[in-house]
Amino acid sequence: MNSPRLALLIFDSDSLKEEEKLKFLTKIDDSLDEKAIVIIDSNYPKTEFKNLKLVQFSHNPNIGDTIRLGFSAALNLGVEKIVTFEGYAVHNAVWFLKYINGGNLIVSRKRNLAEMVVTEIANVLAFGNAYNGFSLNRIYTRDAAELLMETKLSDKAFLVESVNLLNSGNIPITEIISDDYEKRTPDFNLKESVESILKSFNRTSVLFSVVSSLSYMINLIAVYLSLSLGLFYPIAVLIAGEISGLSNFMMNEKMNFRNRGLLNSAYRLGKFNALLLCALAADILIISVIARYSYVLGKTAFTTISLMSIIAVSTSSMFIMNKFVWSKDNHRRVYLED
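Quick caveat, the model's predicted, so the values are computed rather than measured.

**Considerations on the overall build of the protein chain**
Looking only at helices and strands, the protein chain has 11 helices and eight strands in total. Burial statistics for the protein chain: of 338 residues in total, 48% are counted as buried. Taking as baseline every contact in the protein chain between residues at least 6 positions apart, the subset at least 24 positions apart corresponds to 73%. Surface summary for the protein chain: the accessible area is close to 17,400 Å², and the carbon and sulfur share equals 62%.

In structure tokens:
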């Protein structure tokens, strides 16, 4: 078999019975119209297949290490694309056939609450926009596999952060969101969730935090100066918000994200400023409403509630800003009706 373009990576298959592996592989073999390599991490059926050549590789209990070992074996054999599977039931064996001529792809189920929380927090920290980073039904191109080979991510953190790594590396990904495929029961725990989130921090995240801190200091100074000049509180907040917001945008746009296109920056600035004004309006409205009841609440309660409202509005606006302004556009979602 000369230079097949496709490798099928099968790992975590020790629990499968011999006949289950044979059914799964036979289904693929019967459905393929080209030669392919199967990189498998356990003993495989000693059967002659028409289109499949089976290669066994050493596996590791760590998901991330196992995938990287499989990638290494596949790349050394010169393949162009690598397929992984969410589960090894027969009906999930050929999910990839309709998508194999595309690029990097994930087919994901509708995520549960825990997956949603972890994925969205990871998106904010890594400026990504993945829907469900835990799905294992994936197609990797060679350049994607080579990039991920250099990582040290482990366990489920590999699944979540690998999506954002490809996104930040300007490698496009398409995510097909559908229930029409094998639904593996998520092996999900708090430790892996926290690790996935922490692994999402990168250089951009750190610089963004520094810029945000500077902008906050600018905001405080601008509010103080505006009030010192006798401006009405809502006007002072609006002016300070605009000054700090624009400084935040300029520093992030040119120093952190290094966007150079004038038209692109102008469009992004328009979105940024619209969202910023919404956040400022919400902040002013909430503080104004609370102020009406300050005599009932007392000074301490008023200060506490005001601070909590500011934190809530700031946090919400950060999520929205990251999602609609700063996140990269390399991850495309397609929703399919069952």
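From this point, things continue past the structure.
**Quick notes on the sheet that holds strand β3 (residues 52–56)**
Strand order in the open sheet made by the eight strands is β3-β2-β1-β4-β6-β5-β7-β8, with mixed pairing throughout. Two strands close off the open sheet at either side, each with one partner strand: β3 and β8 (331–335). Strand-to-strand twist of the sheet, defined as the mean angle between neighbouring strand axes without regard to direction, takes the value 20°. With three bridges connecting them, strand β5 (residues 104–108) and strand β6 (residues 137–141) associate as antiparallel partners. Bridged to L105 within β6 is I139. Packing of helix α4 (residues 142–149) onto the sheet brings it into contact with β4 (81–84), β5 and β6, and relative to β6 it is tilted by some 95°.

**Thoughts on helix α11 (residues 299–326)**
Compared with an ideal rise of 1.5 Å per residue, which puts 28 residues at 40 Å, α11 spans 38 Å between its outermost C-alpha atoms and is within 8% of the ideal. Within α11 the residues assigned to the buried category are S306, S309, V313, S317, M321, N322, V325 and W326.

**Some remarks on the side chain of S215**
Locating S215 in the fold gives a position in helix α7 (residues 203–228). Each residue touching S215, except ones within four places of it in the same chain, is listed here: S244, S247, N248 and M251.

**Remarks on the nonpolar core**
Of all hydrophobic cores here, the largest spans 52 residues; its most connected members are L52, I82, F85 and F96. Counting residues per element, this core draws most heavily on helix α2 (residues 63–76), at six residues. Grouped together as the second largest cluster of nonpolar side chains are 12 residues, F127, L276, I284 and W326 included.

**Observations regarding the packing of α2 against α4**
Each pair of packed helices can be described by the angle between their axes along with the distance between the axes. The interhelical angle for the contact between α2 and α4, taken along N-to-C directions, is 135°, at an axis separation of 10 Å. In terms of their interaxial angle, α2 and α4 are classed as oblique. Relative to α4, the crossing made by α2 is left-handed. For the pair α2 and α4, contact is made by R68, F71, S72 and L75 and by R142, A145, E146, L148 and M149, respectively.

**Looking at the environment of T174**
Considering the arrangement of structural elements, one finds T174 in strand β7 (residues 173–177). For T174 and R138, which are 36 residues apart along the polypeptide, the C-alpha to C-alpha distance reads 9.9 Å. Setting aside anything within four residues of it in sequence, one finds T174 in contact with N104, L105, I106, R332 and V334.

**Here we look at α2**
An ideal rise of 1.5 Å per residue puts 20 Å on 14 residues; α2 measures up with 20 Å between its terminal C-alpha atoms. Directly beyond the C-terminal end of α2, a positive phi value near 80° is found at G78.

What counts and how
Residues numbered from 1 in each chain as written. Predicted model: local features only at pLDDT ≥ 70, side-chain atom pairs only at ≥ 80, totals over all residues. Heavy atoms only, no water. Helix = DSSP H or I, 4+ residues; strand = E, 2+ residues; numbered from the N terminus. Buried < 20%, exposed > 50% of the residue type's maximum accessible area, 1.4 Å probe, protein only. Contact = heavy atoms within 4.5 Å. Areas by Shrake-Rupley, 256 points an atom, 1.4 Å probe, with all protein chains shown as cover. Pairing = 2+ DSSP bridges. Axes fitted to C-alpha atoms, helices over the stretch in contact; angles between N-to-C directions. Expected span 1.5 Å × (residues − 1). Core = buried A, V, L, I, M, F, W, Y, C linked by side-chain atoms within 4.5 Å. Parallel < 35°, antiparallel > 145°, perpendicular 65-115°, else oblique. Left-handed = near helix turned anticlockwise from the far one by under 90°.

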